[in-house]
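What the coordinates show
So you can see what is in the structure, the chains are spelled out below.
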Protein chains: 2
Amino acid sequence: MTGMPTSRRKTALARPHPAATDTAAVQDSPWRASRERVRDRQVKREAVIRAAAHAFNRKGYHNTSLDDIAAALEVSKPTVYYYVSNKEQLLFECFVAGIEPIRAAVRAARSPNVPARERLQTVLGHYGQAVASEFGWCMVRAEDQDLSPTMSAHIKSLKSEIDQGIRRLLREGMQDGSIQPCDPKMTAFALAGALNWIAHWYRENQSMTGAQIATAFIAIFENGLLPRTPLSPERAPGGSER
Amino acid sequence: MTGMPTSRRKTALARPHPAATDTAAVQDSPWRASRERVRDRQVKREAVIRAAAHAFNRKGYHNTSLDDIAAALEVSKPTVYYYVSNKEQLLFECFVAGIEPIRAAVRAARSPNVPARERLQTVLGHYGQAVASEFGWCMVRAEDQDLSPTMSAHIKSLKSEIDQGIRRLLREGMQDGSIQPCDPKMTAFALAGALNWIAHWYRENQSMTGAQIATAFIAIFENGLLPRTPLSPERAPGGSER
DNA sequence: TAGAATATCTACTCACCAGTATGATGCATG
DNA sequence: CATGCATCATACTGGTGAGTAGATATTCTA
């Protein structure tokens, strides 16, 4: 009987987001599929990762408990711990799942028989798609501050790999004449920032797909805001990916 | 005596960032200034906000306890609660402190006697400075998921105000011919994303100031990656702000 | 100088949650 | 069908941290 009628409910304050359908089950759970125990560790492990990504997307890392994830899969918490060693690793796995396609694209962009700007287009296209994927949020938001030094270092190096790849493409583009002279470091930051931010506003079932957004962004970055002299009718000679 | 020598230490897992100088005191605390009680509620309140921003910057919102903030100010937790009602409000105040200068810049950019691209330059300049400021992190990272519906809606409307302002400048720029035809919505997202992301990599005492970074970004966005026909010797006719 | 208002502290409560101890249940295989 | 392994659950621990109760000290005011 504290008196004041102002909103008490410690719980309500601590969890600002009780969110209607909280235990919103994941669409496909290897457990719900059949009641008898399926022996496929890898499939289940990936289902756990995916469920975690889903929950992190909606409620954020810190507002998601492992009980939430377990509930979404309709299993108990120890089951989750049977497939991953702890919460941090769960975030890390989501991060890797999100960033891997980008790394692949960067590695594939080494072929020097294509103008660097076109190769950059391809990389940025995959980048945008990855950020808009189900793991995009985790990839973008995996914070230093929530990870052990080891994991943090690992993540940093993966991110750096991509950053360096983009800078290299920019430099190569300046050399082969397909890209306007610019500061590769700052330009890479601007590009990555614009694309990363997609994770903050993009939601599935939106009008545009990740690839379409990436294409639009590439056009913006290529053309620039400054009006171009209207004597180059073809603005993007290379075919956009997809 | 659990057996396995694998890393136990529940605490170490839960707080991955014990960070050497954790209770790193804030430079200027109205409390440390003089031991007798100063009667200046507003000054102290602002000191609390600033200390919170500092802590959030370094450790993130969820890894910062109100005890941390109190310790940084060399007071006790109830003292902090004497100036703010709860942790959420603390985040909100930091957000507002960060975003206010941008809103001011957007409002000031209504004067129609200057080309819209130049007005946009000014807005983006202030934007970049704000993101690189001590409140930048809080402004950019104030998550929906950590806020009550009321606060969340409030923040959304403030953000939207800026977004709409940028889109309007883009449209005006297309009309007055100072800006290349483009999709204002996507372009505003790209601009805001690139600038917001500054908060993720910028640290003070870096070689560039926030304003300098903003200037560099504006140049990148204006020129575009596509080489320009080398017949326009002056690339940015408008003087850069500052 | 007596009270009132302001400012601050010590010492709690209580919910939440990561992670675990322990044991049960099914499955394969000899 | 016994044994060992894989899989999963119940029920717990221990620690953390938001927020508070209630007392105390200091300053203002009448």
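Since we're looking at a predicted model, the values are computed, not measured. (Residues numbered from 1 in each chain as written. Chains lettered and ligands numbered in written order. Predicted model: local features only at pLDDT ≥ 70, side-chain atom pairs only at ≥ 80, totals over all residues. Heavy atoms only, no water.)

Moving on, we come to the overall build of chain A. On a plain count of helices and strands, chain A comes out with 12 helices and 0 strands. Put simply, chain A runs from its N terminus to its C terminus through helices and strands in the order α-α-α-α-α-α-α-α-α-α-α-α. Across the 242 residues of chain A, 50% fall into the buried class. Pairs at least 24 apart in sequence give 69% of the contacts found in chain A among residues at least 6 apart. (Helix = DSSP H or I, 4+ residues; strand = E, 2+ residues; numbered from the N terminus. Buried < 20%, exposed > 50% of the residue type's maximum accessible area, 1.4 Å probe, protein only. Contact = heavy atoms within 4.5 Å.)

Time to look at helix H6 (residues 87-108) of chain B. Residues and elements named next belong to chain B. If you check H6, its first and last C-alpha atoms are 32 Å apart, about what 22 residues at 1.5 Å a residue would give, namely 32 Å. The largest bend in H6 amounts to roughly 35° and is located at Ile 99, with the proline Pro 101 lying one to four residues further along. Among the residues of H6, the N-terminal cap falls to Asn 86, whose side-chain oxygen and the backbone nitrogen of Glu 88 are separated by 3.3 Å. (Expected span 1.5 Å × (residues − 1). Bend = angle between axes of the 7 residues up to and from the residue. Polar contact = N/O pair within 3.5 Å; in protein donor to acceptor, adjacent residues only side chain to side chain.)

The interface of chain A with chain B comprises 52 residues on the first partner and 53 residues on the second. For the pair chain A and chain B, the summed buried surface comes to about 4800 Å²; carbon and sulfur atoms form 64% of the total. It is Gln 145, Gln 180 and Leu 225 of chain A that lose the most area in chain A upon contact with chain B, and together they represent 18% of the buried surface on that side. Along the contact surface separating chain A from chain B lie 2 salt bridges. (Buried area = accessible area lost by both parts, 1.4 Å probe. Salt bridge = Lys/Arg side-chain N within 4 Å of Asp/Glu carboxyl O.)

Attention now goes to empty space enclosed by the protein. Think of a ball as big as a water molecule: rolled over the atoms, this probe shows where empty space is left. Taken as a whole, this structure holds 3 cavities of 30 Å³ or more when the rule is applied. Reported here for the largest cavity is a volume of approximately 270 Å³. His 62 and Glu 143 of chain A together with His 62, Glu 143 and Asp 146 of chain B are the residues nearest the centre of the largest cavity, which is lined by 24 residues in total. The set of elements that each furnish at least two residues to the lining of the largest cavity consists of helix H8 (136-141) of chain A together with helix H8 (136-141) of chain B. Split into classes, the residues belonging to the lining of the largest cavity amount to 8 nonpolar, 8 polar and 8 charged. The calculated volume of the second largest cavity comes to roughly 40 Å³. Arg 117, Leu 120, Gln 121, Leu 124, Ile 218, Phe 221 and Glu 222 of chain A together with Leu 225 of chain B are the residues that line the second largest cavity. When residues of the lining of the second largest cavity are traced back to their parent elements, those giving at least two are helix H7 (116-131) and helix H12 (210-223) of chain A. With 4 residues, H7 of chain A is the single largest residue contributor to the lining of the second largest cavity. Here the residues of the lining of the second largest cavity sort into 5 nonpolar, 1 polar and 2 charged. (1 Å grid on protein atoms, 1.4 Å probe; cavity = no way out; pocket = protein on both sides within 12 Å on 5 of 7 lines; lining within 4 Å. Points joined across faces, edges and corners; volume = space filled by probe spheres on them. Nonpolar A, V, L, I, M, F, W, Y, C, P; charged D, E, K, R; others polar.)

Take Leu 225 of chain B: it is sitting in the segment after helix H12 (210-223). Leu 225 of chain B has contacts with Leu 120, Leu 170, Ser 178, Ile 179, Gln 180, Thr 187, Phe 221 and Glu 222 of chain A, leaving out every residue within four places of it along the chain.

Mapped onto the fold, Thr 187 of chain A is located in helix H10 (residues 184-196). Setting aside anything within four residues of it in sequence, one finds Thr 187 of chain A in contact with Leu 170 and Cys 182 of chain A together with Ile 220 and Leu 225 of chain B.

When two helices pack together, you describe them by how their axes are tilted relative to each other and by the distance separating the axes. For the pair H10 of chain A and helix H10 (residues 184-196) of chain B, interaxial distance at closest approach is 7 Å and the crossing angle is 115°. The orientation of H10 of chain A relative to H10 of chain B falls into the category roughly perpendicular. Helix-helix and strand crossings are classified by hand; for H10 of chain A and H10 of chain B the assignment is right-handed. Along the contact surface, H10 of chain A presents Ala 190, Gly 193 and Ala 194 of chain A, while H10 of chain B presents Ala 190, Gly 193 and Ala 194 of chain B. (Axes fitted to C-alpha atoms, helices over the stretch in contact; angles between N-to-C directions. Parallel < 35°, antiparallel > 145°, perpendicular 65-115°, else oblique. Left-handed = near helix turned anticlockwise from the far one by under 90°.)

Taken as rigid bodies, chain A and chain B are interconverted by a rotation of 180° and an axial shift of 0.0 Å, the fit giving an RMSD of 0.1 Å. Both copies are brought into coincidence by an operation consistent with a two-fold rotation axis. Interface residue correspondence from chain A to chain B reaches 100%, placing this contact among same-surface, isologous pairings. (Least-squares fit on C-alpha atoms with pLDDT ≥ 70 in both.)

All names here are of chain A. In this model, Glu 74 sits at a positive phi of 60°, which is unusual for a non-glycine residue. Turning to its location among the elements, Glu 74 is positioned in the loop between helix H4 (66-73) and helix H5 (77-83). Since its relative accessible area comes to 43%, Glu 74 is described here as partly exposed.

Okay, the packing of aromatic side chains next. Under the criterion given, the structure shown has 9 aromatic pairs over all chains. One aromatic cluster is present, built from ring pairs that chain together Phe 189 of chain A together with Trp 201 and Phe 217 of chain B. Cation over ring: Arg 167 of chain A sits above Phe 189 of chain A, and NZ or CZ is 5.5 Å from the ring centre. Positioned over the ring face of Tyr 61 of chain B is Lys 87 of chain B, at 4.5 Å from the centre of the ring. (Phe/Tyr/Trp six-rings, centres within 6.5 Å; stacked < 30°, edge-to-face > 60°. Lys NZ or Arg CZ within 6 Å of the ring centre and 35° of its normal.)

Residue and element names in this part refer to chain A. When pLDDT is averaged along chain A, the result is 85, and 80% of the positions lie at 70 or above. Within chain A, helix H1 (residues 10-14) has the poorest average pLDDT of any element, 34, and H10 the best, 98. Note on residues 1-24: pLDDT under 50 across the span, and 22 contacts to partners over four residues away in sequence or across chains. Every residue in residues 231-242 scores below 50 in pLDDT, and together they form 16 contacts with partners more than four places removed in sequence or on other chains. (pLDDT = per-residue confidence, 0-100.)

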